[in-house]
Amino acid sequence: MKPQNPFLIAGYNRPEYFCDRERETTLMIDALKNDRNLTLIAPRRMGKTGLIKHVFYHLEQEQPKIAVFYMDIFFTQNLGEFVQLFAGTMLEKLDMGPQKAIKRMGKFFKSLRPVFTIDGFSGMPKVTFNMEPTHEERSLKEIFAYLQSSGLRCYIAIDEFQQLAEYPEKGVEALLRSHIQFLHNVHFIFSGSKQHVMQEMFLSAKRPFYQSTQIVSIDAINRMEYYRFAARFFGQKNKLSLEIFSLIYDEFEGHTWYIQAILNRLYGQKQKPDAASINRIIADIIVESAYTFEKLLAAYSPTAVRLLKAIAKERCVKEINAGVFIARHKLKATSSVNTALKKLIDKELVYRTPKGFIVYDRFMAIWLRQQPY
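The residue numbers shown here count from 1 along each chain, following its written sequence. Local features in a predicted model are, by the rule used here, given only for residues with pLDDT of at least 70; side-chain atom pairs are given and counted only at 80 or more, and totals for whole chains, interfaces and linings are based on all residues. Values reported for side chains reflect all heavy atoms of the structure, with hydrogen atoms and water molecules removed beforehand.

Draft legend 1. Here's a closer look at the overall build of the protein. A helix here means a DSSP run of H or I that spans at least four residues, while a strand means a run of E at least two residues long, and both kinds are numbered starting from the N terminus. When helices and strands are tallied, the protein shows 15 helices and nine strands. In the protein, 71% of the contacts between residues at least 6 apart in sequence involve partners at least 24 apart. For the accessible areas, the method is Shrake-Rupley and the probe is 1.4 Å, while residue cover comes only from the protein chains on display. Within the structure as shown, the protein displays about 19000 Å² of accessible surface, and the carbon and sulfur contribution to it stands at 53%. In this analysis, two residues are considered to be in contact whenever any of their non-hydrogen atoms come within 4.5 Å of each other.

Okay, structure coming up:
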């Protein structure tokens, strides 16, 4: 179905609403078709999910008899929640109905008990799982056996894969690796946004997934490619000029989701885009988000909040401990700054780029620049 607004800020529709990433798409399809697992690393909101679903779209067009799975584990807190999400995601794709599911699951699942209910909105059967406590490892083994038995070539994307490192259980990575390495019909994309954690998981010789995948990273889409993509939707009447598009691109340094968010509203205005309309849209978004930003900062120390504001006002800070930076923004001792910085990075409020430290949320950065100390 054709979307009303071509500038999607969530989900995936069709290739015509997906901008560029041709090199990455070709590379990922080639790897998966040739039995190589992938690790995809990029900052949050740079377009990882869209790219994964774009790759899956093309794989399904080329290979009809496959099954593709996408699961975001960002909100899972332990191995049990991971297993339940995995089982639910898998069942939706591999089974066509409750009767078939009961028959097949009875053969493989001993520790995962399916519970069939009727969805109150759609009236369709829905399956959830009850899992025996302490049986997570056994359940995971059963899921992989179920996949192996499907007779289908399967591609599984596990997004925000670094969340595994936060689980309280020990050895989760080793447990997954022990199953994955013996699957011949199942191939994986491990996607994550915490660059330092993902690199440690896949590039450290001490970790189970060391050198087990092909690494792919994505950055900003080329300016001209993005402009050509955007301009064709505005048409001649409300033509989008390169100059106006560049105002958006430069403000957000090519960061995909933020550009899409502005273009989405700009397209909806049904008038020729200009600098005033862009500024008005950004101002509207900041006003809408201010309460959320205020509540978020309330959980942090004054030192951390002051450091976050300082980074936002500088836009990018190459050396956090530089005397000039600390003095200019009247920050506390270096040790206090480093403690605050570590927490801000861990909570993904600050992100380290090759150029230096930036505030992760670009709209929040604009809002912070407007705030006094």
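Draft legend 2. Highlighting the nonpolar core. Throughout this description, the term nonpolar core refers to a set of buried Ala, Val, Leu, Ile, Met, Phe, Trp, Tyr and Cys residues connected via side-chain atoms within 4.5 Å. Using a 1.4 Å probe on the protein chains alone, a residue whose accessible area is under 20% of its type maximum counts as buried, one over 50% counts as exposed, and one in between counts as partly exposed. Core analysis: the biggest nonpolar cluster contains 59 residues, and Leu263 and Leu307 have the highest contact counts within it. Not counting the four nearest positions on each side in its chain, Leu307 is found in contact with Ile320, Phe325, Leu331, Val337, Ala340, Leu341 and Leu344. One finds Phe82, Ile158, Met198 and Phe209 within the second-largest nonpolar core, a separate group that totals 36 residues.

Draft legend 3. Representation of the sheet that holds strand β6 (residues 186–192) in the model. If DSSP finds at least two bridges between two strands, the strands pair. Taking strand neighbours across the sheet as the criterion, the five strands line up as β2-β5-β6-β1-β7 in an open arrangement whose pairing is parallel. The sheet terminates laterally at β2 (66–72) and β7 (214–217), the two strands that pair on one side only. Taken pair by pair, the neighbouring strands of this sheet meet at an average axis angle of 15°, ignoring direction. Summarising the sheet, strand β1 (residues 38–41) and β6 pair through four bridges and their orientation is parallel. Interaxial angles span 0 to 180 degrees and are taken between N-to-C directions of axes, which are lines fitted to C-alpha atoms, for helices over the stretch in contact.

Draft legend 4. Structural detail: helix α2 (residues 48–62). To estimate the expected span of a helix, subtract one from its residue number and multiply by 1.5 Å. Taking 1.5 Å as the rise per residue, α2 with 15 residues should run 21 Å; its terminal C-alpha atoms sit 21 Å apart, in good agreement. Among the residues of α2, those classed as buried are Lys48, Gly50, Leu51, Ile52, His54, Val55, Phe56 and Leu59. Lining the buried residues of α2 we find α1 (22–33), β1, β2, β5 (153–159) and β6.

Draft legend 5. Expanded view of the side chain of Ser191. Within the secondary structure layout, Ser191 lies in strand β6. Judged by its relative accessible area of 0%, Ser191 is buried. Polar contact criterion, stated in full: a pair of N or O atoms within 3.5 Å, where within protein one must be able to donate a hydrogen and the other to accept it, and residues adjacent in sequence count only if both atoms are side-chain atoms. Separated by 2.9 Å, the side chains of Ser191 and Asp159 make a polar contact. In contact with Ser191, not counting residues within four places along its chain, are Leu40, Lys48, Ile52, Ile158, Asp159, Glu160, Phe161, Gln162 and Met198.

Draft legend 6. Structural detail: the packing of α1 against α2. It is at 10 Å that the axes of α1 and α2 come closest, and there the two elements cross at 55°. Taken together, α1 and α2 sit at an angle that is classed as oblique. Pair α1 / α2 crosses with right-handed handedness. Mapping the contact onto sequence places Glu24, Thr25, Met28, Ile29, Leu32 and Lys33 in α1 and Leu51, His54, Val55, His58, Leu59 and Glu62 in α2. Each residue is assigned to one of three groups, with Ala, Val, Leu, Ile, Met, Phe, Trp, Tyr, Cys and Pro labelled nonpolar, Asp, Glu, Lys and Arg labelled charged, and all others, Gly among them, labelled polar. Split by residue class, the contact of α1 with α2 holds six nonpolar, three polar and three charged. Here the angle decides the label: under 35 degrees means roughly parallel, over 145 means roughly antiparallel, 65 to 115 means roughly perpendicular, and every other value means oblique. A clockwise turn of the near helix away from the far one marks a right-handed crossing, whereas an anticlockwise turn of less than a right angle marks a left-handed crossing.

Draft legend 7. Summary view of the pairing of β1. Along β1, one buried face is formed by Leu38 and Leu40 and the opposite face, lined by Thr39 and Ile41, is buried too. Summarising the sheet, β1 and β7 pair through four bridges and their orientation is parallel. Within β7, the residue paired with Leu38 across the bridge is Gln214.

Draft legend 8. Focus on helix α10 (residues 256–268). Look at α10: 18 Å from first C-alpha to last across 13 residues, which is about the 18 Å you get at 1.5 Å a residue. In this structure, the buried residues of α10 make contact with α8 (223–234), α9 (242–251), α11 (275–297) and α15 (362–369). Positive backbone phi, at 55°, marks Lys270, one or two positions downstream of α10.

Draft legend 9. The arrangement of the environment of Gly171 in detail. Locating Gly171 in the fold gives a position in the loop between β5 and α6 (172–180). Considering only alpha carbons, one finds Gly171 and Arg207, 36 residues apart in sequence, at a separation of 9.9 Å.

Draft legend 10. Looking closely at the side chain of Arg362. With respect to the secondary-structure elements, Arg362 resides in helix α15. By relative accessible area, which is 13% here, Arg362 ends up buried. Here Phe252 takes part through its backbone oxygen, which lies 3.5 Å from a polar atom of the side chain of Arg362. Within the local environment of Arg362, its side chain forms a polar contact with the side chain of Glu253, the two groups lying 2.9 Å apart. With sequence-adjacent residues up to four places away left out, Arg362 is seen in contact with Phe252, Glu253, His255 and Tyr258.

Draft legend 11. Broad picture of the packing of aromatic side chains. Each Phe, Tyr or Trp ring, with Trp reduced to its six-membered ring, pairs with another whose centre is within 6.5 Å; inter-plane angles below 30 degrees give stacked pairs, above 60 give edge-to-face pairs, and intermediate values give tilted ones. By the definition in use, this model includes 31 aromatic pairs. With 5.8 Å between their ring centres and 50° between their planes, Tyr227 and Phe245 make a pair best called tilted. With Tyr227 in helix α8 and Phe245 in helix α9, this residue pair connects regions lying 18 residues apart in the sequence. Judged by centre distance (5.2 Å) and plane angle (90°), the rings of Trp257 and Tyr258 are edge-to-face. On the accessibility criterion, Trp257 (23% relative accessible area) is partly exposed. Through a chain of ring-to-ring contacts, the aromatic side chains of Phe7, Tyr17, Tyr226, Tyr227, Phe229, Phe233, Phe234, Phe245, Tyr249 and Tyr267 assemble into a single cluster. A ring is considered to have a charge above it if a Lys NZ or an Arg CZ atom is located within 6 Å of its centre and within 35 degrees of its normal. Here Arg45 stacks its cationic end above the ring of Trp257, 3.9 Å away from the centre of that ring.

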